Amino acid sequence: MIPNLSRRTPGSLRLLILAVCTLLPAGLLTACHSSETPETSAPEAFQVHQIFHPEADAAAQIHQAVVQAAQEHKHVLLDFGGNWCGDCQILDYYFHQQPNAALIAQDYVLVDIDVGQMDHNMNIAAQYGMPLKHGVPALAVLDAQGNAIYDQTDGQFSAMGRVDPQLVTEFLERWKQ
C-alpha cells in the first residue's frame, strides 16, 4: 500500500518513500538483509571464505608443515593474509583452480597465516623476512628444513584483482620442489 504523501513532504523525500513502498513488497530491498543466498548470487569464486583462522597457532602450523614437507619432499608455502582481504580471497581462488591446485598438492604444504587487521602474527612474518608493508596477500616459500628460499618483499600479489592468474602458476612452478 502506498501512503498518502501530503504536499508538505519535500519532493525528494516523497520519491524515497514511494520507492521504498513500491520495492519493499517486491522483495527487492529485503534481499540485501536476507540470510538466504539468492539464486542470482555471485559465482562461488567471489564468495568470501574463511581461509585464515585467527585462533590458529601459526608457529605450530609452520612446524607441522615443515615436518610434513620433509617427509613428502615438498616445500612449504606460507600465505599471509586476512579474511577481510579481497585480494587474499582471489589468490585463494586461484590456488584452487587448475593447474595451481595440482601444483600445490604435488609440491607444497600450504599454510594460511592470519594477520588480523595487520596486527596479528607480525612476528612470524618478520621471522621470514616479510615486512608486509606492501600489504597482503604475501607469500613466502620455505624448503623442507624450514629455511626461507623466497620471501615476497615487493608486494607482488597484494593487488590480485589486477594480476594475471598465469603469474600465480608461474610463481608455483618457479619455487616448487
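In this text, all values refer to a predicted model and were calculated from it rather than measured experimentally. (Residues numbered from 1 in each chain as written. Predicted model: local features only at pLDDT ≥ 70, side-chain atom pairs only at ≥ 80, totals over all residues. Heavy atoms only, no water.)

## Some thoughts on the packing of helix 4 (residues 100–107) against helix 6 (residues 165–175)
Right, on to step 1. The contact between helix 4 and helix 6 brings their axes to 10 Å, and the two run at 20°. When the interaxial angle is binned, helix 4 and helix 6 end up roughly parallel. Crossing angle aside, the handedness with which helix 4 passes helix 6 is left-handed. In contact with Asn100, Leu103 and Ile104 of helix 4, helix 6 contributes Val168, Thr169, Leu172 and Glu173. (Axes fitted to C-alpha atoms, helices over the stretch in contact; angles between N-to-C directions. Helix = DSSP H or I, 4+ residues; strand = E, 2+ residues; numbered from the N terminus. Parallel < 35°, antiparallel > 145°, perpendicular 65-115°, else oblique. Left-handed = near helix turned anticlockwise from the far one by under 90°. Contact = heavy atoms within 4.5 Å.)

## Quick notes on the environment of glycine 155
Right, on to step 1. The residue glycine 155 is located in the loop between strand 4 (148–151) and helix 6 in this model.
Right, on to step 2. In this structure, the C-alpha to C-alpha distance between glycine 155 and alanine 138, residues 17 residues apart in sequence, is 6.7 Å.

## Thoughts on the packing of aromatic side chains
Right, on to step 1. In total, this model carries four aromatic pairs according to the counting rule given.
Right, on to step 2. When the ring of phenylalanine 157 is compared with that of phenylalanine 171, the centres are 5.2 Å apart and the planes differ by 80°; the resulting orientation is edge-to-face. Placement of the pair is phenylalanine 157 in the loop between strand 4 and helix 6 and phenylalanine 171 in helix 6, with a sequence separation of 14 residues.
Right, on to step 3. Exposure remark for phenylalanine 157: the relative accessible area of 0% places this residue in the buried category.
Right, on to step 4. Aromatic ring contacts, followed pair by pair, group Tyr150, Phe157, Phe171 and Trp175 into a single cluster. (Phe/Tyr/Trp six-rings, centres within 6.5 Å; stacked < 30°, edge-to-face > 60°. Buried < 20%, exposed > 50% of the residue type's maximum accessible area, 1.4 Å probe, protein only.)

## Overview of the environment of isoleucine 62
Right, on to step 1. Topologically, isoleucine 62 is positioned in helix 2 (residues 58–72).
Right, on to step 2. Through-space distance from the C-alpha of isoleucine 62 to that of valine 109 is 9.4 Å; in sequence the pair is 47 residues apart.
Right, on to step 3. In this structure isoleucine 62 touches Leu78, Val111, Ile113, Ile124, Tyr128 and Leu142, once residues within four positions along its chain are discounted.

## Concerning the confidence of the model for the protein chain
Right, on to step 1. For the protein chain, the average pLDDT comes to 79, and 73% of its residues sit at 70 or higher.
Right, on to step 2. Long-range and interchain partners of residues 11–43, a stretch whose pLDDT sits below 50, account for 18 contacts in this model, where long-range means more than four residues apart. (pLDDT = per-residue confidence, 0-100.)

## Focus: unusual backbone geometry
Right, on to step 1. The amide bond that connects glutamine 98 to the next residue, proline 99, takes the cis arrangement and shows omega of 5°.
Right, on to step 2. Unlike most non-glycine residues, histidine 73 shows phi in positive territory, near 55°.
Right, on to step 3. Structurally, the position occupied by histidine 73 is in the loop between helix 2 and strand 1 (75–81).
Right, on to step 4. Its relative accessible area of 59% is what places histidine 73 among the exposed residues.
Right, on to step 5. In this model, methionine 118 sits at a positive phi of 65°, which is unusual for a non-glycine residue.
Right, on to step 6. Overall, methionine 118 belongs to the partly exposed group, its relative accessible area being 31%.

## As for the pairing of strand 3 (residues 138–142)
Right, on to step 1. Within strand 3, five of the five residues are buried, which leaves the element mostly enclosed by the surrounding structure.
Right, on to step 2. Both faces of strand 3 are covered, namely the face carrying Ala138, Ala140 and Leu142 and the face carrying Leu139 and Val141.
Right, on to step 3. Where strand 1 and strand 3 come together, five bridges link them in antiparallel fashion. Across the sheet, the residue bridging to valine 76 is leucine 142, located in strand 3.
Right, on to step 4. Of the strand pairs in this sheet, strand 3 and strand 4 are connected by three bridges, and their pairing is antiparallel. Note that in strand 4 the partner of alanine 140 across the bridge is aspartate 151. (Pairing = 2+ DSSP bridges.)

## Some words on the environment of tyrosine 108
Right, on to step 1. Take tyrosine 108: it is sitting in strand 2 (residues 108–114).
Right, on to step 2. Taking C-alpha positions, tyrosine 108 is 7.2 Å from alanine 69, a pair spaced 39 residues apart along the chain.
Right, on to step 3. Sequence-distant contacts of tyrosine 108, defined by excluding residues within four places in its chain, comprise Lys74, His75, Leu77, Leu103, Val141, Phe171, Leu172, Trp175 and Lys176.
Right, on to step 4. Here lysine 176 takes part through its backbone nitrogen, which lies 2.9 Å from a polar atom of the side chain of tyrosine 108. (Polar contact = N/O pair within 3.5 Å; in protein donor to acceptor, adjacent residues only side chain to side chain.)

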